[in-house]
Amino acid sequence: MKIRLLAVGNKMPAWVEQGYQEYARRLPRDCSLELVEISPGHRGKNASTEKAMQQEADALKKAIRPNEHVVALAVEGKPWTTEKLANELEGWRNQGGDVALLVGGPDGMTSEIMALARQRWSLSPLTLPHPLVRVLLSEQIYRAWTILQGHPYHK
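Parameters and conventions
Residues numbered from 1 in each chain as written. Predicted model: local features only at pLDDT ≥ 70, side-chain atom pairs only at ≥ 80, totals over all residues. Heavy atoms only, no water. UniProt positions renumbered as here; feature names shortened; annotations may be inferred. Axes fitted to C-alpha atoms, helices over the stretch in contact; angles between N-to-C directions. Helix = DSSP H or I, 4+ residues; strand = E, 2+ residues; numbered from the N terminus. Parallel < 35°, antiparallel > 145°, perpendicular 65-115°, else oblique. Contact = heavy atoms within 4.5 Å. Nonpolar A, V, L, I, M, F, W, Y, C, P; charged D, E, K, R; others polar. Core = buried A, V, L, I, M, F, W, Y, C linked by side-chain atoms within 4.5 Å. Buried < 20%, exposed > 50% of the residue type's maximum accessible area, 1.4 Å probe, protein only. Pairing = 2+ DSSP bridges.

Going by an unreviewed UniProt entry, the protein carries the name Ribosomal RNA large subunit methyltransferase H and comes from Thalassolituus maritimus. Taken verbatim from the UniProt record of the protein, the Sequence similarities (unreviewed entry) comment is "Belongs to the RNA methyltransferase RlmH family." UniProt's Subunit (unreviewed entry) comment on the protein is quoted here verbatim: "Homodimer."

The structure is reproduced here in structure tokens:
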């Protein structure tokens, strides 16, 4: 199984790349995590937020592969404990397909993109900076994998 993190945003600080890679590289090939950066839509003084969100939606749709299990990360999603994430990870693995985790831009995701998601997951009721979400996700996916393996990392 491959998990692809489709995240709107680019040009992240070095600490984000280092933090993300620290956990992504620990995962085995049969549960790999790949980051796909999606360029943010144009925003500016006279730019339309809706147009920027549509640009991001078009890029996300293009990046989603056929038959991927799509999970949208959204504040209105369901909160999962780490143990629940481990159960979800095991379920995704048992389905035999790949997973696409979607992280929208600063204004969220369009309803069109949200409709593509089979699941909606909320990392927190807090508003988290998008760079931190990448690091948090890679660590939590690694942690969930260690739970399934009986590895002591989670303790």
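Engineer: With reference to specific residues and values, describe the packing of helix α1 (residues 14-24) against helix α5 (residues 130-149).
Structural biologist: Interaxial distance between α1 and α5 falls to 8 Å at its minimum, and their mutual angle equals 10 degrees. What the angle tells us is that α1 and α5 run roughly parallel. Across the interface between the two elements, Trp15, Val16, Gly19, Tyr20, Tyr23 and Ala24 of α1 pack against Pro131, Leu132, Arg134, Val135, Ser138, Glu139 and Tyr142 of α5. Of the residues contributing to the contact of α1 with α5, the split by class is nine nonpolar, two polar and two charged.

Engineer: Residues and numbers for the nonpolar core, please.
Structural biologist: Membership of the largest hydrophobic core comes to 27 residues, with the highest contact counts inside it found for Ile3, Leu5, Leu33, Leu89, Trp92, Leu101 and Leu137. Breaking this core down by element, the ones donating at least two residues are β1 (2-8), α1, β3 (69-79), α3 (82-95), β4 (99-103) and α5. Per-element accounting of this core gives the leading share, six residues, to α5. Within the second largest apolar cluster, 17 residues are counted, among which are Leu6, Val36, Leu60 and Leu102.

Engineer: Go over the sheet that holds β1 with me, naming the residues and quoting the values.
Structural biologist: The five strands lie next to each other as β2-β1-β4-β3-β5, forming an open sheet whose pairing is parallel. In this open sheet, the two edge strands, each paired with only one partner strand, are β2 (32-38) and β5 (119-122). Looking at each pair of strands side by side, their axes are set apart by 30 degrees on average, direction ignored. Relative to β2, β1 runs parallel, the two being bridged by seven bridges. Along β2, the bridge assignment pairs Leu6 with Val36. Of the strands in this sheet, β1, β2 and β4 touch helix α2 (residues 49-63), which is tilted by about 165 degrees from β1.

Engineer: Tell me what's going on with the side chain of Gln140, and back it up with residues and numbers.
Structural biologist: With respect to the secondary-structure elements, Gln140 resides in helix α5. Using a relative accessible area of 16% as the deciding quantity, one classes Gln140 as buried. Residues contacting Gln140, with those up to four places away along its chain left out, are Thr82 and Leu85.

Engineer: Could you give me a rundown of the packing of α3 against α5, with the residues and numbers involved?
Structural biologist: Axis angle and axis distance: for two packed helices, these are the angle between their axes and the distance between the axes, and together they describe the pair. In contact at an axis separation of 8 Å, α3 and α5 are set at 75 degrees when each is read in the N-to-C sense. The pairing of α3 with α5 is recorded here as roughly perpendicular in orientation. In this structure, α3 uses Thr82, Leu85, Ala86, Leu89, Glu90 and Arg93 to contact α5, whose residues at the interface are Gln140, Ile141, Arg143, Ala144, Trp145, Ile147, Leu148 and Gln149. A class-by-class count of the residues in the contact of α3 with α5 yields eight nonpolar, three polar and three charged.

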